[in-house]
Amino acid sequence: MLETATRGKKSTRSKAAPHERFLEAFRWMLLARTLEEKLVSLYRGGLITGGVYIGKGQEAVSVACGLFLQKGDILAPLIRDQAGRSAFGEPLLDVTRTYLGSRQGPMRGRDGNIHRGRPRDNQLAMISHLGAMVSVTVGALMAKRFRGEKNFVGLSCIGEGGMQTGAFHEGMNIAAVEQVPLVVVATNNHYAYSTPNDREFACDDLVDRAIAYGFEGYSVDGTDLAKCLDVIGGAVKRARAGRPPQLVVASILRLSGHGEHDDATYVTDEIKREPFARDCVKVAEQAIVDLNLADAETLTEWRRDAAAQVDQAISTAQKEAAPEGDEEDWCAISTRDMRRRRSCSAMTNAFLSTDKMLAEHSAAPLRQRKVSRRNFPDAC
Amino acid sequence: MVGTAIGAAINGMRPIVEMQFADFSSTALNQILNNAGTHYWRTNVSVPITVRLPSGGTKGSGPFHSQSMESIYAHYPGLIVMTPATVEDAYTMLIEAVGIDDPVVYCEHKYLYYHLKADNLPTEGLPTGRARIAREGRDLTIVTYSAMLHEALAVAEQLVNEGFEIEVVDLRSVKPLDTNTVLASVARTGRLLCVGESFPWGGATAEIIARVTAEGFHLLDAAPQRLNAKDTPIPYHPNLWSAHRPNAKEIARKARALLRE
Ligand SMILES: Cc1ncc(C[n+]2csc(CCOP(=O)(O)OP(=O)(O)O)c2C)c(N)n1
Ligand SMILES: [Mg+2]
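Note that the structure is a prediction, hence the values are computed from the model and not measured. (Residues numbered from 1 in each chain as written. Chains lettered and ligands numbered in written order. Predicted model: local features only at pLDDT ≥ 70, side-chain atom pairs only at ≥ 80, totals over all residues. Heavy atoms only, no water.)

All right, on to the coordination of the magnesium ion (ligand 2) then. Here the magnesium ion (ligand 2) is held by the protein donor atoms Glu160 of chain A (OE), Glu160 of chain A (OE), Asn189 of chain A (OD1) and Tyr191 of chain A (O), which lie 2.0 to 2.6 Å from it. Considering all 6 donor atoms around the magnesium ion (ligand 2), the spread of angles at the metal, 52 to 170°, places the coordination shape in the irregular class. (Donors = N, O, S within 2.8 Å, 3.2 Å for Na, K, Ca; no water. Tetrahedral: all angles 85-135°; square planar, octahedral: opposite > 155°, others 65-115°.)

Now the structure itself:
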C-alpha cells in the first residue's frame, strides 16, 4: 500500500465502526474536493498544461472504491477517482507534481493528469482508451493467484460510456471465465462527455448485464455515502471471500464539465433536478450534522486541514524543476543490453572504420570505401 | 488476452501470448501499442510479455490468415520486433524474448513450421539486434528477414551461374535494426536490394533504404531498391498468391537490373 496522505487520525479501514468509517470517508471526499477545486483554479489561471478532469459529484462512489482495499489489493482508477486514489494511498504530491509538470512526479513529465499511477504499488496507470484497464486488472489478479497469494482483490473503475466499449466486454468476460476476485464499479453519471444515456445504451438498467457476464450485480445511489460504503464495501468483501466477480452500478450526475475546458451547457435543467443530481459531499455533511457525528467546529477544522495539505503539495510541486528535452532519456525500452548495444553503436560511430567493420563481418575480398562518420541511426 | 498478459507482467510474470494468426493481433493493437508499448516509458515499470505472431502467407490462406505485421509494430516505440528466418534463430530468439524485460512481438513465419528443420537445437545464438551475414558476396547486398531469406538465398545461388556473388543479410530482428551490419555490407558491394513480405507502403524495407541513403549515400553505386508484396489484400488462390508476394523470380529480376546498372 502507498503511504497515505497525513490526516488527524490513522485509517482504521474496513474494520472501523460504521460511523467512524463514514467520517473517514467524508474526510477523503473533502480532501479530493478541495484538491480538485484548487486544480481547477490553477488551470483557469493558466498554470496547468493539458486537461483537468475532476470527480465532482462522484466522490462518495470513488472513496468507497479505495477505502476497502488493503495492502496487496489492486486499484485501477479512471478519470474521476481522486477520492478513491487518495483513500487507497496515493500521496497528494503525486497529483500536484503530475499536474504541475514536476520532473519528480511518478510520470516525470512523460504523461499527465489522470494517467498517473504506480504499478509497483498496485495502483495501475490508466491509458486513455476506455475499457482497456479491466483486462489488465484481471491479469494482475491472475498473476497473484499463480503465485499463491491469498485474500486479495482488484477493483477496476469505469464510466457508463466506457462500459459500451469492446475492450470492456472482453475484460468482463475473461474476469468471469477466470473467476478472479474482481470488483468493477461503474459510475453512471448520465453523460459520456456530451452524449446522454439514451444515446449510449438501450437496455433498461446497466446492472442487468451483470448476470450475462457471470458477475453478481448491485445498484447504488452514488450520492449517498453510507449506501456507497455499504454496497461497494460489500462487493469487495464478497470478491475477497471467493464469490464471483462483482459489478456495482452507481447513479449520479457529473457536477462539472467533462473536463474543465467544457462548460457542459448540454446538461439539461430537467436532469439537474433529479435525485441523483444531489452533491454527495453536501449530502454526507448534512448527515453528519443531522446525526451529530461531528460538530461545526470539527467540520471547519477538517476543511482547514484539507486546504493546508493541498496548499503544501502544490507549493512543493511548484518549486520543483520541470523535465528538459535535452536531458531526457529518449529510449522507450528498458532492456539493459539493448541499451548498451545502442550506446555502443553510438560510440563506434565516431571511430568506425571500414576495415574494422569489414573484419568483423566478412572475410570476403573487399572494395575499400570510407564509411560516414556521422551518427548512425539508433539501433532501436 | 493481451490486456491480461500486461496485467500479469506488471505483477511479475512473463506471459507468452500466442495469436492464432498474426492477422488477428490487429484486434489487440490497442493493448500492444498503447498499453504495453508505452508502459515502461510512462511508469518506469517494464512489461515483459512475448506476443507470438504466426506470420506470412501460405497457399490458400487468403487475406486474413497471411499477413506480415512487423512494420506496424516496429513503427511504435517501446516494442522489440523479432523476425527469425531459421529454426535455430526461432528457438534461441523465442527463449531470449521471454527473458527480455520489454514487450516483444515475435513474428514467426509459418514457412518455418512447414518447410524447415534443424538437426540440433543450438544452446546459444546471436543476440537480438545483431544481423547475420547469411551468405557472403561482393556484387550486391540483399537485406531481408524472415521467410524471404530463403528466397533471397535461392536467388543468390542462381546468379552464381551468371557470375555474380550476392551477399545476403538476415536482419533477424527489424527492431532493433542492425544498421551497422547493413552499412558494412553495402560498403563492400555498393548495391542494395531490400526484400520483405509485408505491404509496400513504408515499413522495414523502406526504413533500411532511408537509413542507408542517409548514412551511406557515398557507398552506393546504384539507387537502392526494394521489393515487397503488392498493395492489395493477400489473395486466396495459389496462383494469385505466389504472384502477390515477392518470389525468387521477382527478386532475381530486380537483382539483375541492379547489377547491370
Ligand atoms: C475508447 C475511447 N474512446 C473515446 C475516448 C474519449 N473519451 C474520454 S472520456 C470520454 C467520456 C467517457 O464517458 P464515461 O465512460 O461515461 O465516463 P465519464 O467521463 O462520464 O466519467 C470519452 C468519450 C476514450 N478515452 N477512449
Ligand atoms: Mg459518464
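Moving on: the domain arrangement of chain B. Residue and element names in this part refer to chain B. Looking at chain B, the domain boundaries give domain 1 (2–115) and domain 2 (132–260). The centre of domain 1, based on its C-alpha atoms, is set 24 Å off from the matching centre of domain 2. Across the boundary between the two partners, domain 1 contributes 28 residues, which contact 22 residues of domain 2. Interface area for domain 1 against domain 2, summed over the two sides, is near 2100 Å², with a carbon-plus-sulfur share of 58%. Here domain 1 is connected to domain 2 by 1 salt bridge. Across the pair aspartate 89 and arginine 172 runs a salt bridge, and its minimum N-O distance is 2.9 Å. Counting every contact that joins domain 1 to domain 2 gives 14 residue pairs in polar contact (both at pLDDT 80 or more). (Domains from an automatic or database assignment. Contact = heavy atoms within 4.5 Å. Buried area = accessible area lost by both parts, 1.4 Å probe. Salt bridge = Lys/Arg side-chain N within 4 Å of Asp/Glu carboxyl O. Polar contact = N/O pair within 3.5 Å; in protein donor to acceptor, adjacent residues only side chain to side chain.)

In most cases, non-glycine residues show a negative phi, while peptide bonds are predominantly trans. In this chain, lysine 175 of chain B is followed by proline 176 of chain B through a cis amide linkage whose omega measures 0°. Within the fold, proline 176 of chain B resides in the loop between β8 (173–175) and α7 (179–189). Even without being glycine, asparagine 122 of chain A reaches a positive phi, approximately 70°. Here asparagine 122 of chain A lies in the loop between α4 (92–100) and α5 (132–146). On the basis of relative accessible area, asparagine 122 of chain A is assigned to the buried category, the value being 11%. The phi angle at arginine 172 of chain B is positive, at roughly 70°, despite the residue not being glycine. On the secondary structure map, arginine 172 of chain B appears in the loop between β7 (166–170) and β8. (Helix = DSSP H or I, 4+ residues; strand = E, 2+ residues; numbered from the N terminus. Buried < 20%, exposed > 50% of the residue type's maximum accessible area, 1.4 Å probe, protein only.)

Next up on the list: the packing of helix α1 (residues 18–44) of chain A against helix α10 (residues 280–290) of chain A. Residues and elements named next belong to chain A. For the pair α1 and α10, interaxial distance at closest approach is 10 Å and the crossing angle is 140°. In the crossing of α1 with α10, the sense of the turn from one axis to the other is left-handed. When α1 is examined against α10, the residues Phe22, Leu23, Phe26, Met29 and Arg33 are found in contact with a partner set consisting of Cys280, Val281, Ala284, Glu285, Ala287 and Ile288. The residue inventory of the contact of α1 with α10, partitioned by class, reads 9 nonpolar, no polar and 2 charged. (Axes fitted to C-alpha atoms, helices over the stretch in contact; angles between N-to-C directions. Left-handed = near helix turned anticlockwise from the far one by under 90°. Nonpolar A, V, L, I, M, F, W, Y, C, P; charged D, E, K, R; others polar.)

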